[in-house]
Each structure stands twice: as C-alpha cells, then as structure tokens.
Amino acid sequence: MKKILITGGAGYIASHTNIELLKADFEVVLVDNFSNSCAESMKRVEELSSRKVKFYEVDLMDSEALDKVFIEEKNIDSVIHFAALKAVGDSVKNPLAYYSNNITGSLNLYQAMKNHGVKKIVFSSSATVYGDPETNPVTESTPVQATNPYGHTKAMMEQILIDTAHADDWDIAILRYFNPVGAHESGRIGEDPSYPNNLLPFVSQVAAGVREKVVVFGDDWDTPDGTGVRDYIHVVDLAKAHAKSIEKLAVSKGVHIYNIGTGRGYSVLEMIKAFEDACGHTIAYEVGPRRNGDIAEVTGNPMKAEAELGWKAELGLKPMVESAWKWQSSNPKGYK
Ligand code: NAD
Ligand code: WQD
C-alpha cells in the first residue's frame, strides 16, 4: 500500500481527497496546524472510509518537527501539498504573512523531502496564477501573471518546484484548480470557512438564514448577464484528480501542469438561481459595486488533464449546489 503524505490534511479539499485516496487503497499520513481547520473533519473521513488515518499536528514553519515526520514515517511514496493560506483579500492586507507561511512552509517541506529522498509531489496551485487572462478558456501555456500576493505565492511555489524537479530529478504534478465548490454526497464533510470569502459558501449561508443577503459584486461586466463568470468544479471531481495525479507520477517522469476545471463557466446570477432550485426557496441578493481586483471571467481548458491523466469532471452544476446545500443544512455550525 503506497504511503502518501498530505499537508493541510484536515482542510476542505484535502478531506475530500483523503476519501478518494483511501478508497483507492492508498495509506495517508496527514499534517496540519489547524490554522484553518479542525480535527473533526479527519474523524469524519475515517467514519466515511472505515479506515484509520495517521495525523501529526505540525506547522510547516517548524522544519525540525516536519523532518521528524519523515523520520518516523518511513517509505513515503509521494506528497500532496495543500497547506497554504488562501484568502486573496487577506493576502493584500497581510502580504508578509502569506509569503512567510506559503513560501517558507513550502521550502521547509521541499527540504525535508530532499533530506529523505522523497521526489514525487502533487502541488495545489490555482487559476489565480493566470490573473486576468486576455482570452478564455485558458490553457496551461497561457501566461502566468498573478495579480495579488496570494497568487504570487502560488506562482513562486510552482517555480521553486519546477527548478527542483530539473535539478534533482523530481516528478511533479502542478494542479491549477479553478473554483472548487460542493461537498461529499453524504453531507458529512464540506467547506467550513470562519468567514465565507467565496461566492458559494456565502450563498449557502444566506440560504440557511445565517446571513441576510448576497451582494453581487457588479452587474456591468462584459459577460452575458453582466455578472462575473467562473469555472466551478465539484470538490469530489477535484479530489479524484489528485488520485489520478499520484498514479501518473508512478509512471511518468518530470514536470506536469494541468488545469483542473470543467471548461464551462457560470455567472453569479446563474449560481444563485441553481442554489435556489437546490434549497427550494428564494435567496435574497442585491447588486453592489465591483470587488477590488475582481475580473469578468476565467474558465479553464481541461483537455490536457483528460488526455494525460485520464481525468474529466463528471459532476455538473446540480450536484455541486445540491451537495453544498446538503452539507450546509445538515451542519448549520460547520464542524462545531
Ligand atoms: P483549507 O484552508 O481548507 O486547507 C488548507 C489547510 O492547510 C488547512 O487545514 C490549514 O490549517 C492548513 N495549513 C495552512 N498553513 C499551514 C502550515 N503552515 N502548516 C500546516 N498546515 C497548514 O483550504 P482548501 O480550500 O482546502 O485549499 C487547499 C489548497 O488548495 C490550498 O493550497 C489553496 O491555496 C489551494 N486552492 C484552493 C482553492 C479554493 O478556492 N478552495 C482554489 C485554488 C487553489
Ligand atoms: C466568484 C464570483 C465574484 C462573492 C477566488 C480566488 C482564487 C481561488 C478561488 C484560491 C466572482 C462573485 C463573490 C460574493 C459575488 N482561490 N462574488 N459576491 O474570485 O473567482 O476566486 O477563489 O486559489 O484564487 O481569487 O472566487 O468565489 O470569490 O467569486 O458576487 O459575495 O462571485 O465577483 O465573480 P474567485 P469567488
């Protein structure tokens, strides 16, 4: 059974990925500092998969503690590196915190891997590295031109990995996620933000009566209905892309970069309408000003992932919003 080390292992995307990896008979070892998660998600992963997971409460900033994990866990086959701070607005206000956590944390991880001869890694990158692209959908060769500190950290972490892969013969998969949404079909695990920075968690909380109304950030964009268009991807489809990437690295050497999206965009108003259908009542919203730094549209061409990973998004808008609503309505306080 191959052993996979998962950083940020208690987080939103990791929880869903852990289920897929356990299903595919991998062994998972999780590392997290709980800066944006809690232990309950891991308990529920164990419950859903009827498997045990091994966990270390370690901060990637603590290089000694991290090194000890590699000493204790012999034979780590590959790493999936989710751990990062991820709120764009917060990164503009606190750039040093983002550069420090995301870059230093990653350097510590890559150094520990090097120390212990682990040379395979799947990295969580983001469509944010494309900034405001000239044309959509973007391909993996669309220029990288991030526009905020969070995005810069992702572009830098990609580059550090690519340089290391070339120097030390590492095999790496860089997955550029578009907009992950939704939850496991059981409703037991899902996204549990302390404050919802993204559209769908905000809409869910309005649907549940936790918040009064959604503010639509502008309806004068150059899009069909004037509201922002994004490529939403079901988190379970995204999770499966990680299992496929681990399989790919077992047989294919070098650097691989993939867009992980559906190739299809939806507007803010289309998302709200779909959520209304899922929850069975109207969702209050008003149109407000544009959000600083926002863009009209970004969607990703996923053909390379389909051709090389044998991965394709299978779940459409309906299961995205229905699973998000099932998670929200059955866990009104998240994991608490
Ligand atoms: P998340 O916050 O739920 O998960 C990240 C996890 O990393 C959290 O559990 C957090 O506690 C942990 N962590 C952060 N810094 C750490 C450190 N120094 N040491 C140990 N653990 C640490 O976020 P998520 O949505 O699951 O995102 C996972 C990854 O995917 C991140 O790298 C994020 O940048 C990337 N990503 C997310 C999205 C999105 O919209 N959710 C989109 C594109 C890319
Ligand atoms: C989606 C659409 C908003 C909230 C961000 C990061 C990106 C990635 C995913 C990590 C836009 C509109 C939103 C609201 C609204 N994360 N909106 N009212 O901005 O595409 O991407 O998350 O890597 O890096 O930038 O996602 O969900 O914030 O916004 O009208 O209350 O919803 O303007 O058009 P975004 P989002």
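Worth saying up front: this structure is predicted, and the values here are computed from it rather than measured.

Engineer: Residue-level account of the site of ligand 2, with values.
Structural biologist: With respect to spatial proximity, 17 residues lie near ligand 2, and among them Tyr-150, Leu-199, Val-215, Arg-230 and Asp-294 are the closest. Here an oxygen atom of ligand 2 and a side-chain polar atom of Arg-291 are 2.8 Å apart. In isolation ligand 2 has 690 Å² of accessible area, and contact with the protein removes 87% of it. Looking at which element gives the most residues to the shell around ligand 2, the answer is strand 8 (residues 214-217), with three residues. Each residue belonging to the shell around ligand 2 can be placed in one class, and the counts come to eight nonpolar, six polar and three charged.

Engineer: If you had to explain the site of ligand 1 to someone new, which residues and values would you point to?
Structural biologist: Around ligand 1 sit 26 residues in total, of which Asp-32, Asn-36, Ser-37, Phe-82 and Tyr-150 are the nearest. One of the backbone nitrogen or oxygen atoms of Gly-11 is found 3.4 Å away from an oxygen atom of ligand 1. The contact in question runs from an oxygen atom of ligand 1 to an N or O atom on the backbone of Ile-13, over 2.8 Å. Alone, ligand 1 offers 820 Å² of accessible surface; in the complex the protein occludes 95% of this. Contributions of two or more residues to the shell around ligand 1 are made by helix 1 (12-23), strand 5 (120-126) and helix 6 (149-168). Its residues placed into classes, the shell around ligand 1 shows twelve nonpolar, ten polar and four charged.

Engineer: For unusual backbone geometry, give the residues involved together with the corresponding values.
Structural biologist: The peptide bond linking Asn-136 to Pro-137 adopts the cis configuration, its omega dihedral lying at -5 degrees. When you line up the elements, Pro-137 lands in the loop between strand 5 and helix 6. Even without being a glycine, Asn-75 presents a positive backbone phi close to 60 degrees. On the accessibility criterion, Asn-75 (71% relative accessible area) is exposed.

Engineer: How would you sum up the pairing of strand 6 (residues 171-177)? Please name residues and give values.
Structural biologist: When you tally the buried positions in strand 6, you get seven out of seven residues, the bulk of the element. Burial of strand 6 is two-sided: the residues Asp-171, Ala-173, Leu-175 and Tyr-177 facing one way and the residues Ile-172, Ile-174 and Arg-176 facing the other way are all buried. Running through helix 6, the crossover from strand 5 to the neighbouring parallel element strand 6 is right-handed. When strand 6 meets strand 11 (residues 255-260), the two strands line up parallel, connected through six bridges. When the bridges of strand 11 are listed, Leu-175 appears paired with Tyr-258.

Engineer: Provide a residue-level description of the sheet that holds strand 6, including the pertinent values.
Structural biologist: Taken together, the seven strands give an open sheet; going across it, the order is 3-2-1-4-5-6-11, and neighbouring strands pair in parallel fashion. Pairing within the sheet leaves two strands with one partner each, and these edge strands are strand 3 (54-57) and strand 11. On average, each strand axis in the sheet is inclined to that of its neighbour by 15 degrees, with strand direction left out of account. Where strand 2 (residues 27-32) meets strand 3, four bridges bridge the pair, whose relative direction is parallel.

Quick notes on the rules
Residues numbered from 1 in each chain as written. Chains lettered and ligands numbered in written order. Predicted model: local features only at pLDDT ≥ 70, side-chain atom pairs only at ≥ 80, totals over all residues. Heavy atoms only, no water. Near = heavy atom within 4 Å. Polar contact = N/O pair within 3.5 Å; in protein donor to acceptor, adjacent residues only side chain to side chain. Areas by Shrake-Rupley, 256 points an atom, 1.4 Å probe, with all protein chains shown as cover. Helix = DSSP H or I, 4+ residues; strand = E, 2+ residues; numbered from the N terminus. Nonpolar A, V, L, I, M, F, W, Y, C, P; charged D, E, K, R; others polar. Buried < 20%, exposed > 50% of the residue type's maximum accessible area, 1.4 Å probe, protein only. Right-handed = clockwise from strand over helix to strand, strands pointing away. Pairing = 2+ DSSP bridges. Axes fitted to C-alpha atoms, helices over the stretch in contact; angles between N-to-C directions.

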